[in-house]
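Spelled out from the first residue to the last, the chains are:
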Amino acid sequence: MEKNSKTPRPKNPGNKPQANGNGRRPSSRGAAIRAQKRANEDAHRIASQYLTAENKAGNNKASPRPRANFIDDSPKLKFVGLGGMNGGGSKNTLLVEYKNDAVIMDCGSDLGVDLPGINYGIADTAYLETIKHKLKAYIITHGHLDHIGGLPHILPKYPAPVYGSRFTIGRVEEIFENFGLPMPEGFELKTVVMNENNNERLKIGEFFVELVRITHSIPGSTCIVLDTPVGRLINTGDFRLDPNPLDHEKTDVERLKQLGNEGVLALLSESTTSDRPGRTPSESTIEQSFKDIMEQAPGRIFISLFSTNMNRVQMLINAAVHHNKKVTMDGRSMISTLEMAIRNGFVKVPKGTFVPIASVPNLKDGEVVVVCTGSQGEPNSALQRMATGDHKHIKLKEQDTVVLSSTPIPYSGNDASVRTMVDDMYKKNVHIFRHESRDVDGCGPLHVSGHASREEYGDMIDMINPKFFVPIYGDYTAKKYHIELAIEHGIPRKNCLNVDNGDVIAFSKDTMELAEKVPHGTVLVDQTGAIVSSVVVKDRLMLSSEGLVAVILTVDKKTGQLMTSPDIISRGFIYMKNEEELMNAFRIELKRAVAQRFKRVDLDRFKIELKEHVTHFLYDQTGRSPIVIPVVNVIGGQRRPAPKNGQQSKQPDQKNPQQEAEALQKRFAEMRSKLLNQDARID
């Protein structure tokens, strides 16, 4: 914006920098524009971790988006991670393709997305769109959301039967029943329950699939054995090699060894905790800890754990029955999973053990055990609401005992949330037992990981003895540790690959090589289940860091002058009532800008220049670069349409200048009121 040549400027001997009215040194317009560019880049950098395939391609000018259908039908087996190959194994979604057949192994959601208004992410399906005619099945290793949470979004668009163990299929049906959005008309969920205990093999196109029992932190966990015309693939799913699991369903080691002896082309092994030495303790080691706490705790007992850990729920039920205590449960996801587990025979509850949560206040404190969600410090979980007093039936009180039977999920950053929750509960004089501080708290172990440690990962490699090794379900570092372990166990380095999402591995019977990438990315989902554009997320990040300023100007088209003082709306930038001096200077600057430039350039150019001018002024005064939205309302000077078919136009009633001015002011007042009553936060 040009400087007003008629406005005198104070002299500045020696061209020394002078402070403005707020004590800041004046800044150039370039500095202001660069500051806003940096803010945009910061928001873009964060949002870019979750771009869709289309946006990824659009941002990569040097490498144009590859053709989505570049993969030919030559007799090679293609494997690609649309999700699950980085970032802690998030949105696990693996695709195997051969000629005209394709299957998806797992179809999960990323629950670790930390963006405003975002609940989780799922894999982008741009590539699936090009091969949807090939898709024959979804094969699921187990029922955790990072392995099944993407199904309600992806399966209706690309329908095929879902294969899994009885418990896993129960979980799939459960999430479809509880999904918040309606399914497309005509969609029908088709499932195939497989027996993981008897080596059942089913034909899917040119593939044969078998599920093999393995231990994890949820019942019904399995390895996927996929026999293809090129060779056998084994996907371990998430696992640990527990020698004494609570449900007595040990890993079928003998079958895995047998498969290894028959020959395996490639092992796809999860890598979540490949840097943890030793072996993961057995789940059975924590059983006595709960019995001891229930025997010694003076008041009510609250035990919080993952909602899907039904084996541990069974352990708690058994311990409560042993001590003649009643059990109640809270947490929508936990209750839903428990109902499914009881219905399918995975959890046994003696008659009279459960009581409604509404009856807890009427029971003696020593008679009740509350099992609930919230061990990760989730804001709206049952335990959090009990701690803050927002729960409908229960409020934590002095002498209550809280047991956190979990540790923060890897890669999730939940540590701070859990610590804050513990702080708040200690202030209420609640007794707390945590696995991390068990030696200080005076209790035994309260949690075991659902994932293997290095010795168990090594055992898996030895049992399978694959020709090729591809670590999955982990970030790059975890997968690198896993590859180094595989090399120690005899796999040649040239036969190992650490790949990212979108990378295609092409297998023949004797070779493994990288092919060109396919489109991939992350689709973001809000609390309602609706998809959210990454552009919207970027704006939210900008708003959260810098705020927004809307400038509303009403200009007389004939004179080019403002018809009233500029209206300014600030959201998340400054509190205007405390910045009267700045607001007065801001309005003066806006009036000067209109007087100088409105009649010299067209309206679109004026808005651009006004935005740059406001950005510069605000940065110069505050050092901050909010989102600037200029609204310019031009009044007067409109031409009447020419009369049609030779008809003479009807002359309006003539008004004197005073009447015209009053009518114009009335119209302006109505428009101004409409503009100011809008909520700038949702424009």
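It should be noted that the structure appears before, not after, this text.
Reading the values: rules and limits
Residues numbered from 1 in each chain as written. Predicted model: local features only at pLDDT ≥ 70, side-chain atom pairs only at ≥ 80, totals over all residues. Heavy atoms only, no water. Pairing = 2+ DSSP bridges. Helix = DSSP H or I, 4+ residues; strand = E, 2+ residues; numbered from the N terminus. Contact = heavy atoms within 4.5 Å. Axes fitted to C-alpha atoms, helices over the stretch in contact; angles between N-to-C directions. Expected span 1.5 Å × (residues − 1). Buried < 20%, exposed > 50% of the residue type's maximum accessible area, 1.4 Å probe, protein only. Lys, Arg positive; Asp, Glu negative; His and termini not counted. Salt bridge = Lys/Arg side-chain N within 4 Å of Asp/Glu carboxyl O. Polar contact = N/O pair within 3.5 Å; in protein donor to acceptor, adjacent residues only side chain to side chain.

*Asks:* Looking at this model, I keep getting lost on the pairing of strand β21 (residues 512-515). Mind explaining?
*Replies:* Taken residue by residue, a regular strand's side chains alternate between the two faces of the sheet. Sheet analysis places strand β20 (residues 504-507) next to β21, joined by four bridges and oriented antiparallel. Paired with I505 across the two strands is L514, which belongs to β21.

*Asks:* Would you take a moment to explain the environment of I627 for this structure?
*Replies:* Note that I627 resides in strand β26 (residues 627-635). C-alpha of I627 to C-alpha of M542: the two residues are 85 residues apart in sequence and 7.2 Å apart in space. Leaving out residues up to four positions away in the same chain, I627 has contacts with D539, M542, L543, G547, L548 and V549.

*Asks:* So what exactly am I meant to see when it comes to the sheet that holds β20 here?
*Replies:* In any sheet, the strands associate via hydrogen bonds between backbone groups, in a parallel or an antiparallel arrangement. Across the sheet, eight strands lie side by side as β8-β7-β6-β3-β2-β1-β20-β21; this open sheet has mixed pairing. At either end of the open sheet lies a strand with only one pairing partner, and these are β8 (191-193) and β21. When strand polarity is set aside, the average angle formed by the axes of neighbouring strands in this sheet is 25°. Where strand β3 (residues 101-107) meets strand β6 (residues 135-139), four bridges bridge the pair, whose relative direction is parallel. Counted as the bridge partner of M105 is I139 from β6.

*Asks:* Would you mind showing me how to read helix α10 (residues 332-343) here?
*Replies:* An α-helical turn contains 3.6 residues, so a residue and the one three or four places further along point in the same direction. Over its 12 residues, α10 extends 17 Å from the first C-alpha to the last, a length consistent with the 16 Å expected when each residue adds 1.5 Å. Within α10, the full set of buried residues consists of M334, S336, T337, L338, M340 and A341. In this fold, the buried residues of α10 make contact with α6 (166-178), α9 (310-322), β15 (326-330) and β16 (368-372). Once α10 ends, the next one or two residues include G345, with phi positive near 80°.

*Asks:* Is there a simple way to explain the sheet that holds β15 in this structure?
*Replies:* Taken together, five strands build an open sheet; the order of strands is β15-β16-β14-β17-β18 and the sheet is parallel. The open sheet has two edge strands, β15 and β18 (431-434), and neither has a second partner. The mean inter-strand angle of the sheet, taken between neighbouring strand axes irrespective of direction, is 20°. Two elements, strand β17 (residues 401-404) and β18, share four bridges in a ladder whose sense is parallel. If you follow T401 over to β18, its bridge partner there is H431. Each of β15 and β16 is contacted by α10, which is oriented at about 120° to β15, the strand it contacts most.

*Asks:* For this particular structure, what's the right way to read the environment of I218?
*Replies:* As for its placement among the helices and strands, I218 is situated in the loop between β10 (207-213) and β11 (222-227). When near neighbours in sequence (up to four residues on either side) are disregarded, I218 contacts H142, G143, H144, F167, R171 and T308.

*Asks:* How should the side chain of K325 be read in this particular structure?
*Replies:* Along the polypeptide, K325 turns up in the loop between α9 and β15. In this structure, K325 is buried with no salt-bridge partner, the nearest side chain bearing the opposite charge being E367 at 9.0 Å. One polar contact links the side chain of K325 to the main-chain carbonyl oxygen of G366, over a distance of 2.6 Å. Beyond its immediate stretch of four places on either side in the chain, K325 contacts M294, I301, A320, G366, E367 and V369.

*Asks:* Hey, could you run me through the pattern of salt bridges in this one?
*Replies:* Two side chains of opposite charge can pair, provided their charged atoms sit close to one another. Evaluation of the coordinates by the stated rule reveals 25 salt bridges. Between E262 and R232 there is a salt bridge, and its shortest N-O distance comes to 2.9 Å. In this pair, E262 sits in helix α7 (residues 253-262) while R232 sits in strand β12 (residues 232-235), placing the two residues 30 residues apart along the sequence. A residue is classified by how much of its surface remains accessible, and E262, at 47% relative accessible area, is partly exposed. Accessibility expressed as a relative area gives 13% for R232, which makes it buried. For the salt bridge of E484 with K480, the shortest nitrogen-to-oxygen distance reads 3.9 Å. With E484 and K480 both in helix α15 (residues 476-488), this residue pair falls four residues apart, about one helical turn. For K480, a relative accessible area of 45% puts it in the partly exposed group.

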